[in-house]
Amino acid sequence: MTGPFAGKAIIVTGASSGLGRAIAVDLARQGADLWLVGRSGEALAETAGLISAAGGPVAQSEPMDLRIRGPLAKLIEVVGATHPHLFAVINNAGVMYPEPILSGTIERWQEMLDINVMAMLEGSKAAVLTMRKHGQEGHVINLGSVQARFEEPGVYGISKKAAEMIGNTLRAEVEGDPIRVATVIPGGFATQLARGFTPESLANLSGNLTRLNLNPENGDDMARIVGDPRHIADAVRYILSQPIGINIQEMVVRPPVSTKA
Ligand SMILES: NC(=O)c1ccc[n+]([C@@H]2O[C@H](COP(=O)([O-])OP(=O)(O)OC[C@H]3O[C@@H](n4cnc5c(N)ncnc54)[C@H](OP(=O)(O)O)[C@@H]3O)[C@@H](O)[C@H]2O)c1
């Protein structure tokens, strides 16, 4: 396989859907060897199928539940030990329950913090320690959200603010290493992220569209508020294509019109 990322191993969490799938397919098309992490083995196999259809190297599916600590760090260590070059870990998996703190539940808070924060910390630490151990250049890319910059983002926004802080802190900790850390901060993109929304959250989103005078039935309007995941893949590819002597600290990528969930 040829391409700018040929011979480089990249691990993408949340690769069974949405942004993670788009990122994984794009990087494989550039020659990278992909490890795909998510819960659904079937959906990961679909991503692997898209990768082979795009002419990429055979991708490895790694089904796991990122609420549980241990398997992600282990996978990163094993890839580092068995592949000639662990080049990037992309901590993309996430869940979103957009609701006020006062109507949230401990279970939903816990799930958001376990996946959006704890799995990101676990993946980030294991990536840096493994890259350091093998003395190679590498990247950690974490997914934030513009929700962290809105006024009423609830616990989802808190988790995404944490993602930004993880990126800032880790970047400072690896200044002396050939390892770069970036946070990609998307606006609204067409994925399965709303699958866990409560009826109240969906009604709230629909109310926001009405206030913006947008009609979801109209394709043009929707394109202005919901982006194509391939634009996030473009951003990730750009970051990974920079020389190791420069650090893209964060990149906000969003459609022109903003809607609060
Ligand atoms: N789409 C947007 O508008 C948007 C905006 C800002 C930020 N983001 C962020 O972008 C990232 C990707 O989200 P998306 O929009 O692509 O949503 P998505 O289509 O729902 O994808 C989420 C991914 O996370 C994985 N995941 C969720 N819970 C998991 C668990 N317990 N264990 C393992 N994997 C788990 C899912 O895998 P399974 O389905 O196999 O469990 C899926 O692959 C998230 O961090 C999200 O917060 C998205």
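Residues numbered from 1 in each chain as written. Predicted model: local features only at pLDDT ≥ 70, side-chain atom pairs only at ≥ 80, totals over all residues. Heavy atoms only, no water.

Colleague: I'm lost on the site of the ligand in this one. Help?
Modeller: The local shell around the ligand holds 30 residues, among which S17, R39, Y156, F189 and T191 are the closest. G14 has a polar backbone atom sitting 3.1 Å from an oxygen atom of the ligand. Measuring from an oxygen atom of the ligand, one finds a backbone N or O atom of Q192 at 3.0 Å. For the ligand, whose accessible area on its own is 880 Å², the fraction buried by protein is 96%. Mapped by element, the contributors of at least two residues to the shell around the ligand are α1 (18-29) and α5 (154-173). Taken together, the residues of the shell around the ligand break down into 11 nonpolar, 14 polar and 5 charged. (Near = heavy atom within 4 Å. Polar contact = N/O pair within 3.5 Å; in protein donor to acceptor, adjacent residues only side chain to side chain. Areas by Shrake-Rupley, 256 points an atom, 1.4 Å probe, with all protein chains shown as cover. Helix = DSSP H or I, 4+ residues; strand = E, 2+ residues; numbered from the N terminus. Nonpolar A, V, L, I, M, F, W, Y, C, P; charged D, E, K, R; others polar.)

Colleague: Can you walk me through the packing of aromatic side chains in this structure?
Modeller: Geometry of an aromatic ring pair is reported as the spacing of the ring centres plus the angle between the planes. Enumeration according to the criterion identifies 1 aromatic pair in this entry. Aromatic side chains F5 and F87 sit 5.8 Å apart centroid to centroid with 35 degrees between the ring planes, which places their arrangement in the tilted category. In this pair, F5 is assigned in the segment before β1 (9-13) and F87 in strand β4 (residues 86-91), connecting sequence segments 82 residues apart. In this structure, F5 and F87 share a single accessibility class: buried. When the ring centre of F87 is taken as reference, the NZ or CZ atom of K8 above it lies at 4.3 Å. (Phe/Tyr/Trp six-rings, centres within 6.5 Å; stacked < 30°, edge-to-face > 60°. Buried < 20%, exposed > 50% of the residue type's maximum accessible area, 1.4 Å probe, protein only. Lys NZ or Arg CZ within 6 Å of the ring centre and 35° of its normal.)

Colleague: What is the right way to look at the nonpolar core in this model?
Modeller: Generally speaking, soluble globular proteins have nonpolar side chains that are buried together. I10, L27, L34, L36, I90 and L240 are the most contacted members of the largest nonpolar core, which has 34 residues in total. No other element matches the 7 residues that α1 contributes to this core. Ignoring any residue separated from it by four or fewer positions in sequence, one finds L240 in contact with F5, I10, L27, F87, A88, I90, H139 and I141. One finds A93, V155, L170 and F197 within the second-largest nonpolar core, a separate group that totals 32 residues. (Core = buried A, V, L, I, M, F, W, Y, C linked by side-chain atoms within 4.5 Å. Contact = heavy atoms within 4.5 Å.)

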